[in-house]
Amino acid sequence: MKRSAMAVGLGAGLLLLAGPADAQWRYTDDRGVSKVTQYKLDVPAPHRDAAEWIGPIGVGKPALSADQVRAAQHWEAIRRIIAAEAGLLQFQNAATPAPPRAVSDAAGRPLTTMCVAGELRAMTSPGIWRVVGGCAPGFSTGYGTDGYGSVGGFTIR
């Protein structure tokens, strides 16, 4: 009696410790629903080739096939290319502004220049600025000729 109770207790303990087996294979059925099964034989025959191993990998466990590794690398590369192109879309139609032209004095020395309100100004002496031409679009500071900022064509005072 004591031995049978011990055998039943040991069997029940092993049964409780074993627990449910982890799912190993994932596949998508005809309706587009993702399902998981323990064995590849449980996957319906039409979907068996497309089933993906999601269980542990190691000794005695199947690894991903070479085709699955190649497909994963392919889709990862495509995902990275799409992300990079999406990041570049903001620069697609942006015109690169022309650099401001170099201005020099009579002796051939370069003068300091700046763009203000679409006008290219050169410093002839400290604090004295002379208009020498127009600026390329994109180089204007947005300030009017009287030193106040302008927004949308309106001067802020």
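A brief report on the enclosed structure follows. Predicted, not measured: the structure shown is a model, and the values here were computed from it.

Tallying secondary structure elements over the chain gives two helices and eight strands in all. Going from the N terminus to the C terminus, the chain shows its helices and strands as α-β-β-β-α-β-β-β-β-β. Of all 157 residues assigned to the chain, the portion counted as buried reaches 13%. A sequence separation of at least 24 residues applies to 27% of the contacts in the chain between residues at least 6 apart.

Looking now at the pattern of salt bridges. Applying the stated rule across the entire model yields six salt bridges. With its nearest N and O atoms 3.2 Å apart, the salt bridge here joins Glu52 to Arg26. In this pair, Glu52 sits in strand β3 (residues 52–53) while Arg26 sits in strand β1 (residues 25–28), placing the two residues 26 residues apart along the sequence. Among the salt bridges present, the one from Arg79 reaches Glu76, with a minimum N-O distance of 2.7 Å. With Arg79 and Glu76 both in helix α2 (residues 66–88), this residue pair falls three residues apart, about one helical turn.

This brings us to the nonpolar core. The biggest cluster of nonpolar side chains holds six residues, and these are Leu111, Cys115, Leu120, Ala122, Val132 and Cys135. If you look at the next biggest cluster of nonpolar residues, it comprises five residues, including Trp25, Tyr27, Val43 and Ala51.

To continue, consider the side chain of Gln24. Position of Gln24 relative to the elements: it lies in the loop between α1 (2–18) and β1. On the accessibility criterion, Gln24 (11% relative accessible area) is buried. Ignoring anything within four residues of it in the chain, the contact list for Gln24 reads Val36, Thr37, Gln38, Glu52, Trp53, Ile54, Gly55 and Pro56.

A sheet is described by the order of its strands in space; here three strands give the open sequence β2-β1-β3, paired in antiparallel fashion. The open sheet has two free edges, formed respectively by β2 (34–37) and β3, since each of these has just one partner strand. Two elements, β1 and β2, share four bridges in a ladder whose sense is antiparallel. Bridge pairing in β2 places Arg26 opposite Val36.

Attention now goes to the packing of aromatic side chains. Applying the stated criterion to the full structure yields one aromatic pair. Ring geometry for Trp25 versus Trp53: centroids 5.0 Å apart, planes at 70 degrees, classification edge-to-face. Placement of Trp25 in strand β1 and of Trp53 in strand β3 is noted, with a sequence separation of 28 residues between them. Of the two residues examined, Trp25 and Trp53, each falls in the buried class.

Bridge count for strand β4 (residues 113–116) against strand β5 (residues 119–125) is four bridges, and the pairing is antiparallel. If you follow Cys115 over to β5, its bridge partner there is Leu120. Both β5 and strand β6 (residues 128–134) contribute to a ladder of six bridges, which runs antiparallel. When the sheet's bridge partners are listed, Ala122 is paired in β6 with Arg130. Hairpin connection from β5 to β6: two residues lie between these consecutive antiparallel strands, with Gly127 at a positive phi of about 85 degrees.

On the surface, a nonpolar cluster with roughly 240 Å² of combined accessible area is contributed by Ile57, Leu64 and Val69. Residue position: Ile57 is located in the loop between β3 and α2.

Definitions and cut-offs
- Residues numbered from 1 in each chain as written.
- Predicted model: local features only at pLDDT ≥ 70, side-chain atom pairs only at ≥ 80, totals over all residues.
- Heavy atoms only, no water.
- Helix = DSSP H or I, 4+ residues; strand = E, 2+ residues; numbered from the N terminus.
- Buried < 20%, exposed > 50% of the residue type's maximum accessible area, 1.4 Å probe, protein only.
- Contact = heavy atoms within 4.5 Å.
- Salt bridge = Lys/Arg side-chain N within 4 Å of Asp/Glu carboxyl O.
- Core = buried A, V, L, I, M, F, W, Y, C linked by side-chain atoms within 4.5 Å.
- Pairing = 2+ DSSP bridges.
- Phe/Tyr/Trp six-rings, centres within 6.5 Å; stacked < 30°, edge-to-face > 60°.
- Patch = residues over 30% accessible without salt bridge, like charges linked within 9 Å, V, L, I, M, F, W, Y side chains within 5 Å.
- Areas by Shrake-Rupley, 256 points an atom, 1.4 Å probe, with all protein chains shown as cover.

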